[in-house]
Amino acid sequence: MLALSEGKEDAVSESNDFVVELRSVSKLYGDTAAVADISLKARRGELLCLLGPSGCGKTTTLRMVAGFVEPSSGSIHINNIDMTHQAPYRRDTGMVFQSYALFPHMTVAGNVSFGLENLRWPREKRDKRVDEMLKLVELAHLAQRLPSQLSGGQQQRVALARALAIKPAVLLLDEPFSNLDAQLRVRMREELQEVVRSVNVTTLFVTHDQEEALTMSDRIVVMNAGKVEQIGTPGEIYETPATPFVAKFIGWCSLLKGTVDDAGAFTSTAGLRIMGNWSAGPATVVIRPEQLKLSAGGAPGQGQQARVLHSQYLGGATRVVLDVNGEQLIMQERFPFGRHPQHGDVLGITISTDNLRLIGEA
Amino acid sequence: MEEPLASRRVLTPALLLAPMILLLVLFLIVPTFGLLRASFLSESHLLDGSGFSLKQYIRFFSDSYYSSVLFETFVDGIIVSLICLGIGFPTGYSLARLSPPARRWRIIIVIMPLTLSLVVIVFGWLIILGRNGVINALLLSSGIASSPKQLLFSRPAVITVLVQQFLPFMILSVMSVVTQIDPVLEHAAANLRANRFATFRKVVIPLALPGIFAGFNLVFVLSISAFITPRLIGGNRVAMLGSLIYERIMAELNWPSGAAMAFILLVSGLGVTATLNALAASRLVRKGGRYAR
Amino acid sequence: MRVDLIDRAMAASGAAVRAIVYAMLALPALLVIVCSFTSGDSLNFPPTGFSMRWYREVWQNELFMTALWTSTYIAVLVSTMALAIGFAAAFAINRFAFLGKGFLQALAFSPLIIPAVVLGIGLLQLFAKLNLTQTIYPLLLGHLVLAIPYVMRTILASLSLHDRVLEEAAMNLRASPLKVIRRITLPLILPGLLSAAIFAFVTSFGNVTVSAFLTYGGHVTLPVQIFTYVDTSYDPLVAAVSSLMIVITLVIILVIERLIGAERVV
């Protein structure tokens, strides 16, 4: 309730734009909270991603929106109607399940048509819609196949067509790419994004893959241990992580603990000093690999002295873990051919202080 | 708009379960307790009576004939179960490790005696063991025997037939538990220099113990309550508790006595089940059960 | 060397035991069929001549034909009723959380551990008190009790193998609970339901241990008829009747095998 009243004015002014709204939703299993006091809003047409490690409560949250899990407290609103205790089949959602959950005893067309039959669409209208949806996902030629006769990617497209056929207010995607191999995953990601944008449906999307989240979402909800860590655009999440967890979970980074002195400079516990203009007090600084640069070709003696602890050759670049003044920092750099750094090498680096963030500071 | 979910969650399963509960209470539990009641009547030939007496039980346990039949029945049950275990284990184990196509016809052979009526199987054994039966024909034609031998109406014959009837239960129990043991474990044991015997003794059998106990239990309880086989194969020479009860009730109409014996049978069967369950719950078996995949 | 010997001895003895086991399991039924085609008057081995004589005799034997009809009639009723009762109960156990579920499951499987004589005599006593021994009810209800564990086991197994996510998907596509059962659950567990019904049929059709007590002057089933017949004398007539039962049973096993695979039968 507290969280609600805080942002009240905001909510009222834009309320019509929110298709899905969760207000202080919790789900307890016995004494453990799978989801603890989550509040979030999805704007109309937005692709909102729930991102987090497995067991963070993101799937439970999605299932609560679909109505398969009843919240222990809080409320869920779809199109500004309280749906908290409504049966799944009375909710305006369309879901793509992780396993796709295609009905094995129905054809592709039968699967897509199933929801329309339940909505009592007349036959002609139904057939037209099925045809339209299968064309949208480019599967019209497989309409009479059974799901078992389709490839993984095709099955996923049927699942998407089936969910979208009923024109749901919100599309729910539960780790839709986890059953596909790496190459297909990237292609399906683009396809799905294209289809979702073309029908302009509000989408809630659950994934544990940060790359998926960063490339596909309008906004990301980072979750951990049943709680929301941060909500923001991909850029905000990456560049201004709100918590150490978010910083660590999204992309590579080094986290340094230490204090900011009266001059505004940061000194880590091990003694690494970074100049800046921050306010004094204990702080944690996030250093992304791309903020470390080789100074003047990386020759020792220039800039900060860094000793190579280990390095991983990635093809396009090399990821190097460095010891700088007793702190371990990760750097990603393209080294000249044949100059791959070895354990024990000493490099000269500079830490770019532009965009360097202290966690917990605006 | 809210549905009365709470009340539906109680009412729906209750309604769905009611027919089964009603059926089993009225026609399984009520008759069993009716029988228990009848076993405490003193007068014979009475379906319904009043009073309470331990006469039937006292008579049973004081008569040396009954005690010996009870003892023999138990011994037979144990022998049948042990033979079933001895030959059922290798069969069940190999079935579990066969590929599905190879398993197919073997499974059908194993299931056949379970689904086929018991009398038909017993009748088949009459053809095998009878005076003009298969074995005597073989003995005579090969010159081993000069005149037909009396094979029926003997304890070994009864035990053989009981073994064949109940063997499928053992095979299937072992098979179902062995299919859950990852074959990789056996490969690992072999890789650690265990020969086949050691692998069996130290890996397979400990993990298969729950199935062995279940099969043993089932075969034992079925064997001690058998009455068709002792009657047809054993005749008057081989008395087992089951056939005694059948005669008491169907020929002599002595209800209280038959009821008391039936109860002694039920309690001994349940006693063995409880003992085996307790054993199965002991540390060794629990380990096996816990680690079987 | 020693290791090799142990391995080989175990493999050889295992193969020998298995050969004996399969022969032992198949032989009685096989021999019954062989002997049923005898043209002689008595049951001999090897049978004398070949004829369908005893099958004609069965056809004309009113005792056996009536019993066959009674058995079939009861078995059909039992399988229909057991399926309905068992599905409802199995569905409730599979889908709802409630207190005493373990106890209910134990109750459903208890007919397996109660000795047949106990159930048979108990039911005989009950129906004698109700004065219903001359009716079909003792057999019908006795068989129904016996069929419950098999039906429950088969349906519970199908339900637990059935992917619940498919039902969630159907609900998400606006199907009401009844519609989900009708369009998704039932069609997908149909093989399990069919084999449960067939199991109930076979259980009833072949039962003799309980039926022997319940045909007390009333309706007589085929196995009981064979039992009482063999109790006094046996001849090729019984072999012919038994062969019919074997063929019927075998066909049923093959049907179940087709439906759900023989593995899952057990």
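Residues numbered from 1 in each chain as written. Chains lettered and ligands numbered in written order. Predicted model: local features only at pLDDT ≥ 70, side-chain atom pairs only at ≥ 80, totals over all residues.

Caption draft 1: Structural detail: the overall build of chain C. Helix and strand content of chain C: 12 helices and 0 strands. When the helices and strands of chain C are placed in sequence order, the string is α-α-α-α-α-α-α-α-α-α-α-α. For the C-alpha atoms alone, the extent of chain C along its principal axes is close to 75 × 70 × 35 Å. (Helix = DSSP H or I, 4+ residues; strand = E, 2+ residues; numbered from the N terminus.)

Caption draft 2: Inspection of helix 5 (residues 116–129) of chain C at higher detail. Residue and element names in this part refer to chain C. An ideal rise of 1.5 Å per residue puts 20 Å on 14 residues; helix 5 measures up with 20 Å between its terminal C-alpha atoms. Of the residues making up helix 5, those classed as buried are Ala 116, Val 117, Val 118, Leu 119, Gly 120, Ile 121, Gly 122, Leu 123, Leu 124, Gln 125, Leu 126 and Phe 127. Asn 131 sits one or two positions beyond helix 5 and adopts a positive phi of about 60°. (Expected span 1.5 Å × (residues − 1). Buried ≥ 20, exposed ≤ 12 C-beta atoms within 10 Å, placed from the backbone.)

Caption draft 3: Summary view of the confidence of the model for chain C. All names here are of chain C. Taken residue by residue, chain C gives an average pLDDT of 88. The fraction at 70 or more is 96%. The lowest-confidence element of chain C is helix 12 (residues 262–265), averaging 53 in pLDDT; the highest-confidence one is helix 3 (residues 62–95), averaging 93. Interface confidence for the predicted complex, given as ipTM, is 0.87, next to a pTM of 0.79. (pLDDT = per-residue confidence, 0-100.)

Caption draft 4: Structural detail: the packing of helix 7 (residues 164–172) of chain C against helix 8 (residues 177–206) of chain C. All names here are of chain C. Their axes nearest at 10 Å, the elements helix 7 and helix 8 cross at an angle of 140°. By the criterion of interaxial angle, the relationship of helix 7 to helix 8 is oblique. Note that helix 7 runs across helix 8; the crossing there is right-handed. For the pair formed by helix 7 and helix 8, the contact residues are Leu 166, Glu 167, Ala 170 and Met 171 on the first element and Val 180, Arg 183, Ile 184 and Thr 185 on the second. (Axes fitted to C-alpha atoms, helices over the stretch in contact; angles between N-to-C directions. Parallel < 35°, antiparallel > 145°, perpendicular 65-115°, else oblique. Left-handed = near helix turned anticlockwise from the far one by under 90°. Contact = placed C-beta atoms within 7 Å.)

Caption draft 5: Structural detail: the nonpolar core. Counting 168 residues, the largest nonpolar core has Val 122 and Ala 262 of chain B together with Val 151 and Ala 200 of chain C as the members making the most contacts within it. Setting aside its immediate chain neighbours within four residues, Val 151 of chain C contacts Ala 82, Leu 83, Gly 86, Ala 196, Phe 199 and Ala 200 of chain C. Among the nonpolar cores identified, the runner-up in size contains 97 residues, and Leu 160, Ala 213, Leu 292 and Leu 358 of chain A belong to it. (Core = buried A, V, L, I, M, F, W, Y, C linked by C-beta atoms within 7 Å.)

Caption draft 6: Looking closely at the confidence of the model for chain A. Per-chain confidence: chain A averages 86 in pLDDT, with 93% of residues scoring 70 or above. Throughout residues 1–15 of chain A the model reports pLDDT below 50, and contacts reaching past four residues in sequence, or to other chains, amount to 6 contacts.

Caption draft 7: Structural context of the interface of chain B and chain C. Across the contact, 73 residues belong to chain B and 77 residues belong to chain C. Top element by residues in the side of chain B that touches chain C is helix 1 (residues 5–39) of chain B. It accounts for 17 residues. Residues that form the side of chain B that touches chain C fall into these classes: 50 nonpolar, 18 polar and 5 charged. (Nonpolar A, V, L, I, M, F, W, Y, C, P; charged D, E, K, R; others polar.)

Caption draft 8: Molecular detail of the packing of helix 4 (residues 108–118) of chain A against helix 5 (residues 123–136) of chain A. Residues and elements named next belong to chain A. Interaxial distance between helix 4 and helix 5 falls to 9 Å at its minimum, and their mutual angle equals 130°. Of the possible angle classes, the one that applies to helix 4 and helix 5 is oblique. For the crossing formed where helix 4 meets helix 5, the hand is right-handed. In this structure, helix 4 contributes Ala 109, Val 112, Ser 113, Leu 116 and Glu 117 to the contact, and helix 5 contributes Arg 126, Arg 129, Val 130, Met 133 and Leu 134.

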